Amino acid sequence: MEALAVRLSGLDPYVDGALRIVAFYDTLMRRRVDLPALARASAGLAECVAGVGLRGTGRTIRVGPDGREAPGPAGPASGTVPVVLDEEEIGTVWLERAGPAGPLDEVLLDRLALAVAGAVERYGPARTTMADPALVELVIGAETDEAARARALRLLGFAVGPVVRVAAVRSPRLPLDQVGGAVCPGGPVKAARIGGVGVLLAPGLERDRFPAGVRAGLGAADRPDLAWREARTALRLTTAREPVLEHAELGALALLAEVPREVLRGNPDVAALVRLAGAPGDAEEDARGNGDGREAQAPREAQTPREALDTLNTLEAYCAAGSLRRAADALHLHHSSVARRVDLIGRALSVDLTTPTGLTRARMALAAWRLLGD
């Protein structure tokens, strides 16, 4: 490294300075210095005020170039870099230079941020939300023995004894660590992505605090592996109207998750709903017949995506409300318009949706359709 630095310094003074900064922070990290020492060293190197701020603890350190705590409120930052640990932004480092940023300030701040992350992890322990997926998999794995599960929970920072709740989450926009912080603001919460689905572990999860746009299923079992299975089932049955579901609320609907997919797809009510939703290849299936003994129908033109969405929204609102007027209120439509839609949907499904039996069949078909689309 030293030989490379000497060779490159003859080519580019910037490279020489950058390499010296890298070596400077490598030395600090090998010596395992704490956060105040990192701030003092950085302020002395930059010859201006250096700051370190951590979100989880609210701790802020500002040191002047003389090595003393900087007086007064923080001035405008000439450069900032986030501190990232376990894929989570846990804080910020910055410089308060009176003039414009120096040519090597970005390199200095990058190395300072790495050193701060290492110090937090070493001396914390780190109060981060994102966790090692391998440890989380041990907690929720069906094949994990209880001793290994208990050890994984301890390593994740959970006390022995209290039940840890489990949630399965889909959050297309909001980072998983922010979802965890929202639903469990005052207690320990750990998150990881397993097989494309987010996992949240916490002693308590506040259902009403899940942010908009997030879908989540909450398990109810005391054992984390069983709770994870329940949470995934609940997640699969969430809708735009019910984005968060607890497994305990599903009742007999949860049994549908145990039915093989080919059996669900072969049910006449479910098959009719799949066709109504405009799934690819439905027109061809209508022409061939459904394999359930019913007469084949003539091919029909598939609904547009907007028409399919309106159809499903109407059916979901009607099934949830149980009456035309309440469904009309939910959809912000006149009840006669909803009545016409429901009548057309009932004919397409060959189900009388105005009877209790027909309404139950429609609810079951909707739940099965959601499971098939997962």
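Here, the structure is the one placed above.
Residues numbered from 1 in each chain as written. Predicted model: local features only at pLDDT ≥ 70, side-chain atom pairs only at ≥ 80, totals over all residues. Heavy atoms only, no water.

## Focus on the overall build of the protein
Put simply, the test is: Helical segments are the DSSP runs of H or I of at least four residues, strand segments are the runs of E of at least two, and each set is numbered from the N terminus. The contact criterion used throughout is that any non-hydrogen atoms of two residues lie within 4.5 Å. Here the accessible surface of atoms and residues is derived via Shrake-Rupley with a 1.4 Å probe, and residues count as covered only by protein chains that are part of the display.
A tally of helices and strands in the protein yields 16 helices and nine strands. Restricting the contact set of the protein to residue pairs at least 6 apart, pairs at least 24 apart contribute 59%. For the protein, the exposed area adds up to about 20000 Å²; of that, 54% sits on carbon and sulfur atoms.

## Examining the nonpolar core
Heads up, the rule is: By nonpolar core is meant a set of buried Ala, Val, Leu, Ile, Met, Phe, Trp, Tyr and Cys residues that side-chain atoms within 4.5 Å join together. Residue burial is assigned from relative accessible area. The probe radius is 1.4 Å, only protein chains are included, and a residue is buried under 20% of its type maximum, exposed over 50%, and partly exposed in between.
Among the nonpolar cores identified, the biggest contains 36 residues, and Leu-273, Leu-315, Leu-349 and Leu-353 are the most heavily contacted of them. Among the elements that make up this core, the one with the highest residue count is helix 16 (residues 356-373) (eight residues). Setting aside its immediate chain neighbours within four residues, Leu-353 contacts Leu-315, Tyr-318, Val-342, Ile-345, Gly-346, Gly-358, Leu-359 and Ala-362. Within the second largest apolar cluster, 34 residues are counted, among which are Ile-21, Leu-38, Val-81 and Leu-85.

## A look at helix 8 (residues 224-236)
The α-helix advances 3.6 residues per turn, and as a result positions three or four apart in sequence lie on the same side. Worth spelling out the cut-off: The span you would expect from a helix comes to 1.5 Å times its residue count less one.
Its 13 residues place the ends of helix 8 18 Å apart at the C-alpha level, agreeing with the 18 Å of an ideal helix rising 1.5 Å per residue. Of the positions making up helix 8, those classed as buried are Pro-224, Asp-225, Ala-227, Trp-228, Glu-230, Ala-231, Thr-233, Ala-234 and Leu-235.

## Re the packing of aromatic side chains
Test applied: Only the six-membered ring of Trp is used, alongside the rings of Phe and Tyr, when aromatic pairs are assigned; centres must lie within 6.5 Å, and planes under 30 degrees apart are stacked while those over 60 apart are edge-to-face, with the rest tilted.
Within the structure shown, the criterion is met by one aromatic pair. Centre to centre, the rings of Phe-24 and Tyr-25 are 5.3 Å apart; their planes meet at 90°, and the pair counts as edge-to-face. Judged by its relative accessible area of 0%, Tyr-25 is buried.

## Some points on the environment of Asp-177
Checked against the element boundaries, Asp-177 lands in helix 7 (residues 176-183). Exposure remark for Asp-177: the relative accessible area of 15% places this residue in the buried category. Note: C-alpha distance between Asp-177 and Gly-198 (21 residues apart in sequence) is 9.8 Å. Non-local contacts of Asp-177, meaning those with residues more than four positions away in its chain, are made with Glu-88, Thr-129 and Met-130.

## Focus: the sheet that holds strand 3 (residues 79-85)
The test is simple: Any two strands are treated as partners once DSSP identifies two or more bridges connecting them. Every angle, taken between N-to-C directions, lies between 0 and 180 degrees, and every axis is a line fitted to C-alpha atoms, over only the stretch in contact when it is a helix.
Spatially, the four strands line up as an open sheet ordered 2-1-4-3, and their pairing is antiparallel. In this open sheet, the two strands that pair with only one neighbour each are strand 2 (60-63) and strand 3. Going across the sheet, the axis of each strand differs from the next one's by a mean of 15°, ignoring polarity. Note: strand 1 (residues 49-54) against strand 2, four bridges, orientation antiparallel. What sits directly across from Val-52, in strand 2, is Ile-61. Strand contacts of helix 3 (residues 35-46): strand 1, strand 2 and strand 4 (88-96), with the helix running at about 35° to strand 2, the strand carrying the most contacts.

## A word on the pairing of strand 1
With respect to burial, strand 1 is a largely interior element, six of its six residues being buried. Burial of strand 1 is two-sided: the residues Val-49, Gly-51 and Gly-53 facing one way and the residues Ala-50, Val-52 and Leu-54 facing the other way are all buried. Taken together, the six bridges between strand 1 and strand 4 define a ladder with antiparallel strand orientation. Looking at strand 4, one finds that Val-49 is bridged to Glu-96.

## Brief notes about the sheet that holds strand 9 (residues 244-246)
Across the sheet, five strands lie side by side as 6-7-5-8-9; this open sheet has mixed pairing. Taken across any chain shown, the strands that pair with only one partner, and hence form the sheet edges, are strand 6 (190-194) and strand 9. The average undirected angle you get between the axes of adjacent strands in this sheet is 20°. The pairing of strand 5 (residues 165-170) with strand 8 (residues 215-218) spans four bridges and is antiparallel.

## As for the side chain of Glu-230
The test is simple: As used throughout, the charge tally considers Lys and Arg to be positive and Asp and Glu to be negative, leaving His and the chain termini uncounted. Salt bridge, as used here: a side-chain nitrogen of Lys or Arg that lies within 4 Å of a carboxyl oxygen of Asp or Glu. What qualifies as a polar contact is a pair of N or O atoms within 3.5 Å, subject to a donor-acceptor requirement within protein and to the restriction that residues adjacent in sequence count only when both atoms come from side chains.
By the element assignment, Glu-230 lies in helix 8. Buried and unpaired, Glu-230 has no salt bridge, with Arg-165 as the nearest side chain of opposite charge at 7.7 Å. Of note is the side chain of Glu-230, whose polar atom sits 2.9 Å from the backbone nitrogen of Ala-221. Discounting chain neighbours no more than four positions away, the residues touching Glu-230 are Gly-219, Ala-220, Ala-221 and His-247.

All quantities given are derived from atomic positions and should not be read as evidence of function.
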